[in-house]
Amino acid sequence: MWQRKNNSGRKLSVPVDTALLRSKAAGYCALSEHCPSEVSEKLFAWGADSSQAEEVVDWLIDENFISEERYCHAFVGDKIRFQGWGKDKIRMALSQKRLPQLLIREALDDFPEEEYLEKLKDVFSQKARSLSEDDPQVWKAKMFRFLASRGFSFSDISKVLSDISEDSLE
């Protein structure tokens, strides 16, 4: 139900039809992948109560408009390829969306490691061009902090930095 105010400022409850909510939610999910928590938030914004939201989300899952597994894989691929996020940041974002840890782990493990490290090198190179620091230790510390803030692990950052150091020595 959504609420509006009458002239006296009192809130009036107007019931929202579940069929209308299903239709709107199906259209919303047809445009792009969404997880159940995102759809629930949208349903609440449209005026659904908690039982309606639960019913509509269950229906969307049954009709395959929503798939947590599909969502996790799409989210991982998009965030790595287009946003330059690391796996730690992605894991945290997916956990905040209340998705199962098993699905998150599977989606992260399924992403090609070579492509992941290549993206890390790209992010590294872009940042390296913008860093102007003469002291190599300070430069390295700034780079570590930046890459860690993007969600890359210490071991992956170390691996790339050692690869870069070896390449520059040759």
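As the structure is a prediction and not an experimental result, all values here were calculated from the model.

Draft legend 1. How the structure looks around the environment of aspartate 109. Relative to the helices and strands, aspartate 109 is located in helix 6 (residues 101–110). Since its relative accessible area comes to 58%, aspartate 109 is described here as exposed.

Draft legend 2. The arrangement of the packing of aromatic side chains in detail. The full count for this structure, using the stated rule, is 7 aromatic pairs. Geometrically, the ring pair formed by phenylalanine 75 and tryptophan 85 is edge-to-face, given 6.3 Å between the ring centres and 70 degrees between the ring planes. Here phenylalanine 75 is found in helix 4 (residues 68–83), whereas its partner tryptophan 85 is found in the loop between helix 4 and helix 5 (87–96), with 10 residues between them in sequence. Given a relative accessible area of 17%, tryptophan 85 falls into the buried group. The cationic tip of lysine 79 hangs over the ring face of tryptophan 85; the distance from NZ or CZ to the ring centre is 4.7 Å. Across from the ring centre of phenylalanine 146, 4.7 Å away, lies the NZ or CZ of lysine 127, which sits over that ring.

Draft legend 3. Highlighting helix 7 (residues 113–130). With 18 residues, helix 7 ought to run about 26 Å at 1.5 Å a step, and its terminal C-alpha atoms sit 26 Å apart, in line with that. Within helix 7, the full set of buried residues consists of Tyr116, Leu117, Lys119, Leu120, Val123 and Phe124. One face of helix 7 carries all of its buried residues, which in axial projection span an arc of 155 degrees. More than 90 degrees from the buried face of helix 7, the exposed residues found are Glu114 and Arg129.

Draft legend 4. Representation of the confidence of the model for the protein in the model. Averaged over every residue, the pLDDT of the protein is 89; the share at 70 or more is 88%. The model gives residues 1–7 a pLDDT under 50, and that stretch makes 24 contacts with residues more than four places away or in other chains.

Draft legend 5. The arrangement of the packing of helix 4 against helix 5 in detail. With their axes 10 Å apart at the nearest point, helix 4 and helix 5 run at an angle of 140 degrees to one another. Considering the angle they form, helix 4 stands oblique to helix 5. In this structure, helix 4 crosses over helix 5, and the sense of that crossing is right-handed. Of the residues in helix 5, those touching helix 4 at Tyr71, Cys72, Phe75, Val76, Lys79 and Ile80 are Ile90, Ala93 and Leu94. Broken down by class, the residue content of the contact of helix 4 with helix 5 amounts to 8 nonpolar, no polar and 1 charged.

Draft legend 6. Local environment of the nonpolar core. Counting residues in each nonpolar core, the largest one holds 30 residues, and the members touching the most others are Val76, Ile90, Leu94 and Leu147. Every element with two or more residues in this core is listed here: helix 4, helix 5, helix 6, helix 7, helix 8 (136–149) and helix 9 (154–169).

The rules we used
Residues numbered from 1 in each chain as written. Predicted model: local features only at pLDDT ≥ 70, side-chain atom pairs only at ≥ 80, totals over all residues. Heavy atoms only, no water. Helix = DSSP H or I, 4+ residues; strand = E, 2+ residues; numbered from the N terminus. Buried < 20%, exposed > 50% of the residue type's maximum accessible area, 1.4 Å probe, protein only. Phe/Tyr/Trp six-rings, centres within 6.5 Å; stacked < 30°, edge-to-face > 60°. Lys NZ or Arg CZ within 6 Å of the ring centre and 35° of its normal. Expected span 1.5 Å × (residues − 1). Arc of directions from axis to C-beta. pLDDT = per-residue confidence, 0-100. Contact = heavy atoms within 4.5 Å. Axes fitted to C-alpha atoms, helices over the stretch in contact; angles between N-to-C directions. Parallel < 35°, antiparallel > 145°, perpendicular 65-115°, else oblique. Left-handed = near helix turned anticlockwise from the far one by under 90°. Nonpolar A, V, L, I, M, F, W, Y, C, P; charged D, E, K, R; others polar. Core = buried A, V, L, I, M, F, W, Y, C linked by side-chain atoms within 4.5 Å.

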